[in-house]
Amino acid sequence: MTDTRSALPNKTASCACGGLRLTVAGDPASVYACGCLECQRATGTAFAWRARFAKAAIVSVDGERRSWRRSSDSDRWIEQTFCPSCGTLLYMSAEAIPDDIVVSAGCFGDPAFTAPAAFFWSKHRPAWYALDNGVRSVA
């Protein structure tokens, strides 16, 4: 089997202090925002901006990390991985998507990074936050 990751452009996401880095090959399979109350608590913001990649796209994970596992609304686990020094939530995996990893898109540090195509749990978003046309609102 040929490793196609080397032919794709790499993207590196890092925490605020630079102590934890995740490098993936290629573009995300999808980019979305989530406004559920758990994502609001995990990020301390109005919503989480996420990029979903296949686990096979992971080139490297460097630095010390800690993980925390919680249950989702559907009673499946979600494991959030963060930097123990600065607390940045860098990526997560979930029982519902065993072959994928979800990266905090802001950690790529790229203002031109792909915009979310969907906003999940939009009913929990703050009243002041209006969705742009073209962003699909889910729940």
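Scroll up to find the structure this text is about.
All of these numbers come straight from a predicted model, not from anything done at the bench.

Calculation criteria
Residues numbered from 1 in each chain as written. Predicted model: local features only at pLDDT ≥ 70, side-chain atom pairs only at ≥ 80, totals over all residues. Heavy atoms only, no water. Helix = DSSP H or I, 4+ residues; strand = E, 2+ residues; numbered from the N terminus. Contact = heavy atoms within 4.5 Å. Salt bridge = Lys/Arg side-chain N within 4 Å of Asp/Glu carboxyl O. Buried < 20%, exposed > 50% of the residue type's maximum accessible area, 1.4 Å probe, protein only. Disulfide = S-S within 2.5 Å.

Engineer: Teacher, can you tell me more about the environment of Ala94 here?
Structural biologist: Tracing the backbone shows Ala94 in strand β8 (residues 89-94). Remark: the alpha-carbon pair of Ala94 and Arg69, spanning 25 residues in sequence, is separated by 9.2 Å. Ala94 has contacts with Trp77 and Ile78, leaving out every residue within four places of it along the chain.

Engineer: What's the story with the pattern of salt bridges in this structure? I'm lost.
Structural biologist: When charged atoms on two side chains of opposite charge get close, those side chains can pair. Considering all chains together, one arrives at five salt bridges under this definition. Between Arg41 and Glu38 there is a salt bridge, with the nearest N and O atoms lying 3.3 Å from each other. Placement of the pair is Arg41 and Glu38 together in helix α1 (residues 37-43), with a separation of three residues, close to one helical turn. Notably, a salt bridge pairs Glu79 with Arg69, separated by 3.1 Å at the nearest N-O pair. With Glu79 in strand β7 (residues 77-82) and Arg69 in strand β6 (residues 66-71), this pair connects stretches of sequence that are ten residues apart. Residue Glu79 is classed as partly exposed on the basis of its relative accessible area of 21%.

Engineer: How do you make sense of the state of the cysteines when you look at a structure like this?
Structural biologist: Cysteine pairs can be linked by a disulfide, which is a covalent bond between their two sulfur atoms. Per the stated rule, a full pass over the model turns up zero disulfides. Unpaired in this structure, Cys36 has its nearest cysteine sulfur neighbour in Cys34, at a distance of 3.7 Å. The thiol of Cys39 is not disulfide-bonded; the next cysteine sulfur, from Cys36, is found 3.7 Å away. Residue Cys39 is classed as buried on the basis of its relative accessible area, which comes to 4%.

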